[in-house]
Amino acid sequence: MEDYHKPDQQTVQALRNIANRLRINSIKATTAAGSGYPTSCCSAAEIMSVLFFHTMKYRAEDPKNPNNDRFILSKGHAAPALYSMWAETGFLKESELMSLCQVDSTLEGHPTPVLLFQKQPFVDVATGSLGQGLGVACGMAYTGKYFDKSSYRVFCLMGDGEMSEGAVWEAMSFASYYQLDNLVAIMDVNRLGQSEPVPLQHHMEKYQKRCEAFGWHAIIVDGHSVEELCKALSQPRHQPIAIIAKTIKGKGIPVAEDKMGWHAKPLPKDMAEGVLRELQSRIQNSSKRLYPSMPAEDAPPVSLRNARMASSPTYKPGEKMSTRKAYGMAIAKLGRYNERVVALDGDTKNLTYSEIFKNEHPNRFIECYIAQQNMVSVAMGCASRERNIVFASTLSSFFTRAYDQLRMAAISESNINLCGSHCGLSIGEDGPSQMGLEDMAMFRSIPSCTLFYPCDGVSTEKAVELCANTKGVCYVRTSAPETSVLYQGNEEFHIGQAKVVCKSNEDQVTVVAAGVTLHEAIAAAEYLKKERIYITVIDPFTIKPLDSKTIIEHTRATRGRLITVEDHYYEGGLGEAVCSAVVNEPGFQLHRMAVSHVPRSGKHSELLKAYGIDRDAIAQAVRKMLSSSANAK
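The notes below deal with the structure included here. What you see as residue numbers is a count from 1 along each chain, following the sequence as written. For a predicted model such as this one, the threshold for reporting local features is a pLDDT of at least 70, and the threshold for listing and counting side-chain atom pairs is 80 or more; totals across whole chains, interfaces and linings nevertheless cover every residue. Side-chain descriptors were evaluated using all non-hydrogen atoms of the structure, hydrogens and water having been removed beforehand.

## What about the overall build of the protein chain?
Inference 1: Helix and strand definitions here come from DSSP, where helices need a minimum of 4 consecutive H or I residues and strands a minimum of 2 consecutive E residues; each element is numbered from the N-terminal end. Tallying secondary structure elements over the protein chain gives 21 helices and 21 strands in all.
Inference 2: A compact globule built from 633 residues would reach a C-alpha radius of gyration of about 26 Å, and the protein chain, at 28 Å, matches this within 12%.
Inference 3: Summarising its shape, the C-alpha atoms of the protein chain cover approximately 95 × 50 × 40 Å along the three principal directions.
Inference 4: The proportion of buried residues among the 633 residues of the protein chain is 61%. The reference for a compact globule is 2.2 Å times residues^0.38; the radius of gyration itself is calculated from the C-alpha atoms. Burial classes follow relative accessibility: with a 1.4 Å probe on protein chains only, a residue under 20% of its type's maximum area counts as buried, one over 50% as exposed, and anything between as partly exposed.

Here it is, written out as structure tokens:
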């Protein structure tokens, strides 16, 4: 670490001028938009000025350069401050700031990386749902230190209001445990929240003690002192650093300084004009023009293209294998062919079988412990700037607590791959708190998410390979029990393409089932053959997108008789996906079989039977449907 050099007076004045120009542009933009958070921008003005023009190293003309320092604006409502900084660098034109929040603008009310089919290159992930930025920054910093082994640093600007979020402290714990000394969190402690003061207000020592208790080096500064900020941000680095900056909300807007009632309120035009004149008068002539420091060119080149398995699955039809174990074996296999495949888990690696990956590729495995919200955020950070192919796993039930992180991953168009094991009733004796019976509904609701539900070892391995080459959020739903391998290793699988696993010219009913219930449906088909009743059984493979064409085509062939069976609640799962697909088909008779209410503990087979989704129940549903059709005639 270089010795700290105190900035000369010309540099200090230039930084103060940049801070006041940030205030001016943030006020102009929010007043023009009639929307935004100018007081939140103004409290962070000096922090942003020092970060962008004294501390951070980056190429302003190339915001996505892999060598650049990273910046996450966790307090995303201060977006105009971020846009103003990039105008200061010359990457944006000041006139563009006046388009803030307009429907055809790329400058959203909160930072978003992809808009109108355009990339916003200086935004790595969407922020604004508070409490998530630090977890993403952790993933970036982990990648920089342990995967890239590069000198770039990661800076995360947070608001004091979001310090009430538990996810922040999950990230604080993660960063200190992994000694992310390339990570700096700057807390803009401006005292005031949305509707009232934040809990600790300006008790700076309490923030400091909390950060120190989590293993961070915590420094209290006057957040409006350019000199103090420069010094604090130049501290030697041996652990993650927290800069706890005491600021005034609305600094530079006399009527709003440290006053409640101004959050999320742009200044009226007449008031803004007077404030802007005052701020302009504070900008002193300075002959010194500041430029960002150039980064070291030490980030390795990375290619994530064509992450393919070098050989087909080796499972044999009839072999017993749980899909959760097949997942662990598949990611370990994929990791042999691309060194940027990384895996995360939340202290369930011996259940999800991601431990197979850890044992084979220990330097590319991240244990996130029981902090699933942070695990998803860290995954987003690891995947940012296309540095890694990321897989994160835990029990399917536990992803529900990270739903907000998942929706932000979708807004970010983050390429993360998730595996939820022990889905549905299959966890058995552990009971309903551990059963993922809502996860398909959750992932189906996420825009652009691809939802895989493999039924055997072959289809699981194929799903993992497809995940690695598919943009956006991907989810693989795996089960605990061992099931028979159905497919040959050379079987081809495609997203949105179902497999017809049972079919004859005499079929009378079409049954769509997935995972464990697919095997129950196949067994039911064997039962029914003895009664000369024949059914088509379809494995959808992906629930989203669903192969509507195949389902409709075969249901028409069985005179519109259609049954869905799923190890999931009725709401939002396979049945509703199929229902949406066939809703406009005339003459279709759809019967849905799912878990109707909160289940209890028991053996897997007992639970399938008790909740009416086993082979006997499927066979009976087929008989009943045929009987009702006959009676209708």
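## Some thoughts on the environment of Lys-93
Inference 1: Structurally, the position occupied by Lys-93 is in the loop between helix 4 (79-89) and strand 2 (114-115).
Inference 2: The exposure class of Lys-93 is exposed, given its relative accessible area of 60%.
Inference 3: The spatial distance from the C-alpha of Lys-93 to the C-alpha of Arg-407 is 31 Å, given a sequence separation of 314 residues.

## Regarding the packing of helix 3 (residues 45-55) against helix 4
Inference 1: An axis is simply a line fitted to the C-alpha atoms; with a helix, the fit covers only the stretch in contact. Between two such axes, the angle follows the N-to-C directions and lies from 0 to 180 degrees. Between helix 3 and helix 4, the shortest axis-to-axis distance is 11 Å and the interhelical angle comes to 35 degrees. Considering how the two elements wind past one another, helix 3 and helix 4 form a crossing that is right-handed. Residues Met-48, Ser-49, Phe-52 and Phe-53 of helix 3 touch helix 4, and the partners they reach there are Ala-81, Leu-82, Met-85, Trp-86, Glu-88 and Thr-89. Left-handed describes a crossing in which the near helix is turned anticlockwise from the far one by less than a right angle; the clockwise case is right-handed. Two residues qualify as a contact provided that any one of their heavy atoms is within 4.5 Å of a heavy atom in the partner residue.

## Details of the sheet that holds strand 10 (residues 365-367)
Inference 1: Pairs of strands are assigned from DSSP output, requiring at least two bridges between the strands. The seven strands lie next to each other as 10-9-11-12-14-13-19, forming an open sheet whose pairing is mixed. This sheet does not close on itself; its edge strands, each paired only once, are strand 10 and strand 19 (542-544). Going from strand to strand, the sheet's axes swing by 20 degrees on average, the running direction of each strand aside.
Inference 2: In this structure, strand 12 (residues 416-421) lies alongside strand 14 (residues 474-477), joined through four bridges in parallel fashion. Note that in strand 14 the partner of Gly-420 across the bridge is Arg-477.

## Quick notes on the environment of Thr-89
Inference 1: Mapped onto the secondary structure, Thr-89 falls in helix 4.
Inference 2: In sequence terms Thr-89 and His-361 are 272 residues apart; their C-alpha atoms lie 41 Å from each other.
Inference 3: Excluding residues that lie within four positions of it along the chain, Thr-89 makes contacts with Phe-53, Tyr-58 and Ala-60.

## Some words on the sheet that holds strand 21 (residues 589-595)
Inference 1: With respect to topology, five strands assemble into an open sheet ordered 16-18-17-20-21, the strand pairing being mixed. The open sheet terminates on both sides in strands that have one partner only, identified here as strand 16 (499-502) and strand 21. With direction set aside, neighbouring strand axes in the sheet form an average angle of 25 degrees.
Inference 2: Bridge count between strand 20 (residues 561-569) and strand 21: six bridges; the pairing is parallel. Residue pairing across strands places Tyr-569 opposite Val-595, the latter belonging to strand 21.
Inference 3: Helix-sheet contacts for helix 18 (residues 548-557) involve strand 16, strand 17 (509-513), strand 18 (535-539) and strand 20, and the interaxial angle to strand 18 is about 175 degrees.
Inference 4: Strands in contact with helix 19 (residues 574-582) are strand 17, strand 20 and strand 21; relative to strand 20, the strand with the most contacts, it is inclined by about 145 degrees.

## Description of the packing of aromatic side chains
Inference 1: Think of it this way: a Phe, Tyr or Trp ring, Trp meaning its six-membered ring, pairs with another when their centres are within 6.5 Å, and the plane angle makes it stacked under 30 degrees, edge-to-face over 60, tilted otherwise. The tally for this structure, following the rule as stated, stands at 22 aromatic pairs.
Inference 2: With a centroid separation of 5.6 Å and an interplanar angle of 65 degrees, the aromatic rings of Tyr-58 and Trp-86 are classed as edge-to-face. Remark: Trp-86 occurs in helix 4 and Tyr-58 occurs in the loop between helix 3 and strand 1 (70-73); sequence separation between them is 28 residues.
Inference 3: For Trp-86, a relative accessible area of 6% translates into the label buried.
Inference 4: Seen from their ring centres, Phe-452 and Phe-541 are 5.7 Å apart, and the 70 degrees between their planes marks the pair as edge-to-face. With Phe-452 in strand 13 (residues 450-452) and Phe-541 in the loop between strand 18 and strand 19, this residue pair connects regions lying 89 residues apart in the sequence.
Inference 5: Following the ring pairs from residue to residue traces out a cluster consisting of Phe-52, Tyr-58, Phe-71, Tyr-83, Trp-86, Phe-91 and Phe-122.
Inference 6: Residue placement shows Arg-70 over the ring face of Tyr-152; its charged tip is 3.7 Å from the ring centre. Lysine and arginine charges are scored as sitting over a ring when NZ or CZ, respectively, is within 6 Å of the ring centre and within 35 degrees of the ring normal.

## Here's the deal with the pairing of strand 1
Inference 1: Burial along strand 1 is two-sided: the face carrying Arg-70 and Ile-72 and the face carrying Phe-71 and Leu-73 are both buried.
Inference 2: Both strand 1 and strand 4 (residues 154-159) contribute to a ladder of four bridges, which runs parallel. What sits directly across from Ile-72, in strand 4, is Cys-156.

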